[in-house]
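Letter by letter, the chains look like this.
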Amino acid sequence: MSETRTVDVVITGRVQGVGFRVWTKHQAELHGLSGHVRNREDGSVAATFSGAPEAIEAMLKACAQGPRGSDVTAVTVSEAGGPAGRRGFEIRGA
């Protein structure tokens, strides 16, 4: 069985109103990650990613760049206690 890493991430900057959640879902699926993404009331985006450690690292690098139109100022990462739960990746409401 392969190792799984799960992280909670908060992305700040101009990350709402630029398609960040849809882009994140697409990127997570490309990297084979499960989890979810949502907007936060403070204007940031929060996500949980679960999967292979190498895929997590690639996703974190992608989040630091963000989609066209975004301006990421910070990506804060904290290790989560366990897998994100269900398989697949979903966009959640704010």
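What you see is a predicted model, and the numbers here were worked out from it, not measured in a lab.

Undergrad: Would you explain helix H2 (residues 53–65) in this entry?
TA: Structural remark: α-helix, 3.6 residues per turn; residues separated by three or four positions point the same way. For H2, which comprises 13 residues, the first-to-last C-alpha distance of 19 Å matches the rise-based estimate of 18 Å (1.5 Å per residue) to within 8%. Looking one or two places after H2, you find Gly66, whose phi comes out positive at around 70°.

Undergrad: What's the story with the nonpolar core in this structure? I'm lost.
TA: One broad trend across soluble globular proteins is that nonpolar side chains are buried collectively. Within the largest apolar cluster, 20 residues are counted, with the highest numbers of intra-cluster contacts made by Ile11, Phe20, Leu33 and Phe49. Listed by contribution, the elements that provide at least two residues to this core are strand E1 (5–14), helix H1 (20–30), strand E3 (45–51) and H2. A total of six residues in this core trace back to one element, the largest contributor, which is H2. Residues contacting Ile11, with those up to four places away along its chain left out, are Phe20, Ser44, Val45, Cys63, Val72, Ala74 and Val75.

Undergrad: How should I be thinking about the packing of aromatic side chains in this particular structure?
TA: Geometrically, a pair of aromatic rings is defined through the distance of the ring centres and the angle of the planes. A complete count under the given rule lists two aromatic pairs for this structure. For the ring pair Phe49 and Phe89, a centre distance of 5.8 Å and an interplane angle of 15° mean the geometry is stacked. Residue Phe49 is found in strand E3, and its partner Phe89 is found in strand E5 (residues 89–92); the two are separated by 40 residues along the sequence. On the basis of relative accessibility, which here comes to 7%, the residue Phe89 falls in the buried class.

Undergrad: Would you take a moment to explain the UniProt feature "active site" (unreviewed entry) in the chain for this structure?
TA: As recorded in UniProt, the sites labelled "active site" (unreviewed entry) are Arg21 and Asn39. Across 19 residues, the annotated set stays spatially compact, with a maximum C-alpha separation of 7.7 Å. The residue Arg21 is located in helix H1 in this model. Look at Arg21 and you get partly exposed, because its relative accessible area is 27%. Ignoring any residue separated from it by four or fewer positions in sequence, one finds Arg21 in contact with Val37, Arg38, Asn39, Ile91, Arg92 and Gly93. You can see Asn39 is positioned in strand E2 (residues 34–39).

Undergrad: Can you walk me through the environment of Asp8 in this structure?
TA: By the secondary structure assignment, Asp8 is in strand E1. Given a relative accessible area of 32%, Asp8 falls into the partly exposed group. Remark: the alpha-carbon pair of Asp8 and Thr48, spanning 40 residues in sequence, is separated by 4.5 Å. Setting aside residues up to four positions removed in sequence, Asp8 forms contacts with Ala47, Thr48, Thr76, Val77, Ser78 and Ala80. Within the local environment of Asp8, its side chain forms a polar contact with the side chain of Thr48, the two groups lying 2.7 Å apart.

Analysis parameters
Residues numbered from 1 in each chain as written. Predicted model: local features only at pLDDT ≥ 70, side-chain atom pairs only at ≥ 80, totals over all residues. Heavy atoms only, no water. Helix = DSSP H or I, 4+ residues; strand = E, 2+ residues; numbered from the N terminus. Expected span 1.5 Å × (residues − 1). Core = buried A, V, L, I, M, F, W, Y, C linked by side-chain atoms within 4.5 Å. Buried < 20%, exposed > 50% of the residue type's maximum accessible area, 1.4 Å probe, protein only. Contact = heavy atoms within 4.5 Å. Phe/Tyr/Trp six-rings, centres within 6.5 Å; stacked < 30°, edge-to-face > 60°. UniProt positions renumbered as here; feature names shortened; annotations may be inferred. Polar contact = N/O pair within 3.5 Å; in protein donor to acceptor, adjacent residues only side chain to side chain.

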